[in-house]
Amino acid sequence: MYNGLGDFDAEEYSWYYGFETLKPFFRDFLPSPKNSRLLVPGVGNDGTLLDLHEFGYSNITAYDYSSSAIDRQSELLSYSSQASADITLLVRDARNLDEAWTGTYDVIFEKGALDAIYLSGEGYVDLAVKEMKRCLKVGGYVMSVSGVLPEDHRRNIFPVRDWEWVRDGTDDLKAGCFILRRKR
């Protein structure tokens, strides 16, 4: 089982792209981080939380199913007392999130989490997206960086009746950067 710890450089733990590659998408497609509530599913051991905080997000909730991954994130955040204060880290199952989170978040940023969930069992990713939608405000955005989830499956779990496809990352090289806005 993945334990969220290791001895490699931060880039070794960054799924698909580092924050510098993704920063233009945050800047060009998503609302200002100043007053946005951000949810980060499947945070793993990627150092992106500090980058998101430095970019201007100050109300961040991040979770992972692995307590070791959350311990690793706590260790990474310990280098910034302000980030530690602004970022809530939790152990959660993406398929069954807190009821209190319903309609709470302005932006959800996932990088490889849906891929990992898709690979973990049939129907799991469908449940995770259903939970993400429930937690996202109407008009809120999902940024999904993905290289595994098949295109037809992605279109089924993010149907156009419920989601505006703001950016379709299908033709991106390493992994797609998909940006969707919740319609209803």
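Above this note sits the structure.
Rules used throughout
Residues numbered from 1 in each chain as written. Predicted model: local features only at pLDDT ≥ 70, side-chain atom pairs only at ≥ 80, totals over all residues. Heavy atoms only, no water. Pairing = 2+ DSSP bridges. Helix = DSSP H or I, 4+ residues; strand = E, 2+ residues; numbered from the N terminus. Axes fitted to C-alpha atoms, helices over the stretch in contact; angles between N-to-C directions. Contact = heavy atoms within 4.5 Å. 1 Å grid on protein atoms, 1.4 Å probe; cavity = no way out; pocket = protein on both sides within 12 Å on 5 of 7 lines; lining within 4 Å. Points joined across faces, edges and corners; volume = space filled by probe spheres on them. Nonpolar A, V, L, I, M, F, W, Y, C, P; charged D, E, K, R; others polar. Phe/Tyr/Trp six-rings, centres within 6.5 Å; stacked < 30°, edge-to-face > 60°. Buried < 20%, exposed > 50% of the residue type's maximum accessible area, 1.4 Å probe, protein only. Lys NZ or Arg CZ within 6 Å of the ring centre and 35° of its normal. Core = buried A, V, L, I, M, F, W, Y, C linked by side-chain atoms within 4.5 Å. Parallel < 35°, antiparallel > 145°, perpendicular 65-115°, else oblique.

Another point: the sheet that holds strand β2 (residues 59–64). Overall, mixed pairing links the 7 strands, which are arranged β3-β2-β1-β4-β5-β7-β6 in an open sheet. The strands lining the two open edges of the sheet, one partner per strand, are β3 (87–91) and β6 (163–167). With direction set aside, neighbouring strand axes in the sheet form an average angle of 20 degrees. Sitting on the sheet, helix α3 (residues 48–55) touches β1 (37–40), β2, β3 and β4 (105–111), and the angle it makes with β2 is about 170 degrees.

In this section: the layout of surface pockets. One simple way to see leftover space: roll a probe sized like a water molecule over the atoms. In this model, the largest pocket occupies a volume close to 600 Å³. Forming the walls of the largest pocket are 29 residues, and the residues nearest its centre are Gly-42, Asp-64, Tyr-65, Ala-113 and Ala-116. Within the residue set of the lining of the largest pocket, elements represented by two or more residues are α3, β2, β4 and α6 (113–120). Considering each element in turn, the lining of the largest pocket owes the most residues, 4 residues, to α6. Here the lining of the largest pocket is built from residues that sort into 16 nonpolar, 6 polar and 7 charged.

Glancing now at the packing of aromatic side chains. Evaluation of the coordinates by the stated rule reveals 11 aromatic pairs. Look at Tyr-63 and Trp-101: their rings are 6.0 Å apart centre to centre, the planes differ by 40 degrees, and that puts the pair in the tilted class. In this pair, Tyr-63 sits in strand β2 while Trp-101 sits in the loop between β3 and β4, placing the two residues 38 residues apart along the sequence. Here the two residues Tyr-63 and Trp-101 agree in accessibility, since each one is buried. In textbook terms, an aromatic cluster arises when at least three aromatic residues are bridged by ring pairs, as seen for Phe-19, Phe-26, Phe-55, Tyr-57 and Phe-109. The residue whose ring lies beneath Arg-155 is Trp-165, and the NZ or CZ to ring-centre distance is 4.1 Å.

As a rule of thumb, soluble globular proteins bury nonpolar side chains together. Counting residues in hydrophobic clusters, the biggest one holds 28 residues, and the most contacted among them are Phe-26, Leu-49 and Leu-52. Considering every element that reaches this core, the biggest residue donor is helix α2 (residues 19–29), with 4 residues. Formed by 23 residues, the second largest nonpolar core is a distinct cluster that contains Tyr-105, Met-132, Val-142 and Phe-158.

With that settled, the discussion passes to the packing of α6 against helix α7 (residues 124–135). One can describe the packing of α6 onto α7 by two numbers: an axis separation of 7 Å at closest approach and a directional angle of 140 degrees. One way to sum up the angle between α6 and α7 is to call them oblique. Where α6 approaches α7, its residues Leu-114, Ile-117, Tyr-118 and Ser-120 are matched on the opposing element by Tyr-124, Val-125, Ala-128, Val-129 and Met-132. Tallied by class, the residues present in the contact of α6 with α7 amount to 8 nonpolar, 1 polar and no charged.

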